[in-house]
Amino acid sequence: MRSRKSLAVPEQLGLSWDVPGLMAGVDEAGRGPLAGPVVAAAVILDDLHPIKGLADSKVLTEKKRERLFDEIRAKALCCCIAEASVEEIDALNILQATLLAMRRAVEGLRLKPAKVLVDGNRLPVLKIPAEAIVKGDSKVQAISAASILAKVTRDRQCLAMHELHPEYGFAKHKGYPSPEHLQALREHGLTAWHRRSFGPVRQLLENTR
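Note that the coordinates shown come from a computational prediction; the quantities given were computed from them, not determined experimentally.

As a further point, take the overall build of the protein. In terms of regular secondary structure, the protein is built from seven helices and five strands. Relative to its full complement of 209 residues, the protein shows a buried share of 52%. Taking as baseline every contact in the protein between residues at least 6 positions apart, the subset at least 24 positions apart corresponds to 67%. Counting only carbon and sulfur atoms, one obtains 55% of the accessible surface of the protein, whose full area is about 10,400 Å².

In structure tokens form, the structure reads like this:
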């Protein structure tokens, strides 16, 4: 399920007390790349249907992430994958766009959690108690699951971008500022997916004016 509501994203302090009820884990993928949306996911796991092998998506192989992606979608009580567009990233900045995508993911859940645990040290504003956990994707299974959903979704988007414009190499670098990507930008210019507010892209625009 995807949610694309337009919402403002002010800051919110974390809440450290325990709240009984369902708990959702939240994580994102795609803050660092020069192109494409930033993707966030929220997951409420089912204690009666545990999933083996959950971990920070960055330490898993692509094959294992793909397998776990399907298992999470099948076994979780509910989950939601959301995003903030390139236009929103350029208008808000990447941090606020990331928080916006996270908020959309939480508000898109079919079930309302009693508490939300978010990877990192910043929180979107929610109407639900929330807590930020540094390196939460390696500590909390629901956050690990969210990191897998977000990364697989984002990687699939990059493959789709690659099919349309293979000269940029999106399938390999996933939009990150690798030497190959920067060289492709210099040779071929920008696509509609490139984030104009990011330094290397902005510099290229300035140099071509």
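Let us keep going from here.
With that out of the way, let us pick up the side chain of E71. Inspection of the secondary structure assignment puts E71 in helix α1 (residues 62–75). Note on E71: relative accessible area 18%, which makes it buried. A polar atom in the side chain of E71 sits 2.8 Å from the side chain of K75. Once you skip the residues sitting within four places of it in the chain, E71 turns out to touch P50, I51 and A76.

Below, the discussion takes up the sheet that holds strand β2 (residues 38–44). On the basis of which strands lie adjacent, the open sheet formed by five strands has the order β3-β2-β1-β4-β5 and mixed pairing. The open sheet has two edge strands, β3 (78–84) and β5 (130–133), and neither has a second partner. This sheet shows a mean twist of 20° between the axes of neighbouring strands, independent of strand direction. Bridge count for strand β1 (residues 23–29) against strand β4 (residues 115–119) is four bridges, and the pairing is parallel. Each residue of the ladder has a partner; that of G25, found in β4, is L117. Along the sheet face, helix α4 (residues 141–164) touches β1, β2, β3 and β4 and points at about 35° away from the line of β1.

Across its 14 residues, α1 extends 20 Å between first and last C-alpha, which sits within 8% of the 20 Å expected from 1.5 Å per residue. Considering only its buried residues, α1 is in contact with β2, β3 and α4.

Turning next to the packing of aromatic side chains. Note on aromatic pairs: each is described by the distance of the centres and the angle between the planes. Counted according to the given criterion, the structure contains two aromatic pairs. Taking 5.7 Å as the distance between ring centres and 20° as the angle between the ring planes, the aromatic pair formed by Y168 and F170 counts as stacked. Just as Y168 is buried, F170 falls in that class too. Judged by centre distance (6.2 Å) and plane angle (90°), the ring pair of F170 and W193 falls under edge-to-face. Here W193 lies in the loop between α6 (179–188) and α7 (199–207) and F170 lies in helix α5 (residues 170–173), a separation of 23 residues in the sequence. For F170, a relative accessible area of 0% gives the class buried. Note on W193: relative accessible area 24%, which makes it partly exposed. Taken together, the aromatic side chains of Y168, F170 and W193 make up a single cluster linked through ring pairs. Across the ring face of F69, the terminal group of R156 is positioned such that the distance to the ring centre comes to 4.4 Å.

At a closest axis distance of 9 Å, the pairing of α1 and α4 adopts a crossing angle of 120°. As judged from the angle between their axes, α1 and α4 are oblique. Helix-helix and strand crossings are classified by hand; for α1 and α4 the assignment is left-handed. Judged by residue contacts, R65, E66, L68, F69, D70, I72 and R73 of α1 engage A145, I148, L149, K151, V152, T153, D155 and R156 from α4. Counted by class, the contact of α1 with α4 contains seven nonpolar, one polar and seven charged residues.

Cut-offs and rules
- Residues numbered from 1 in each chain as written.
- Predicted model: local features only at pLDDT ≥ 70, side-chain atom pairs only at ≥ 80, totals over all residues.
- Heavy atoms only, no water.
- Helix = DSSP H or I, 4+ residues; strand = E, 2+ residues; numbered from the N terminus.
- Buried < 20%, exposed > 50% of the residue type's maximum accessible area, 1.4 Å probe, protein only.
- Contact = heavy atoms within 4.5 Å.
- Areas by Shrake-Rupley, 256 points an atom, 1.4 Å probe, with all protein chains shown as cover.
- Polar contact = N/O pair within 3.5 Å; in protein donor to acceptor, adjacent residues only side chain to side chain.
- Pairing = 2+ DSSP bridges.
- Axes fitted to C-alpha atoms, helices over the stretch in contact; angles between N-to-C directions.
- Expected span 1.5 Å × (residues − 1).
- Phe/Tyr/Trp six-rings, centres within 6.5 Å; stacked < 30°, edge-to-face > 60°.
- Lys NZ or Arg CZ within 6 Å of the ring centre and 35° of its normal.
- Parallel < 35°, antiparallel > 145°, perpendicular 65-115°, else oblique.
- Left-handed = near helix turned anticlockwise from the far one by under 90°.
- Nonpolar A, V, L, I, M, F, W, Y, C, P; charged D, E, K, R; others polar.

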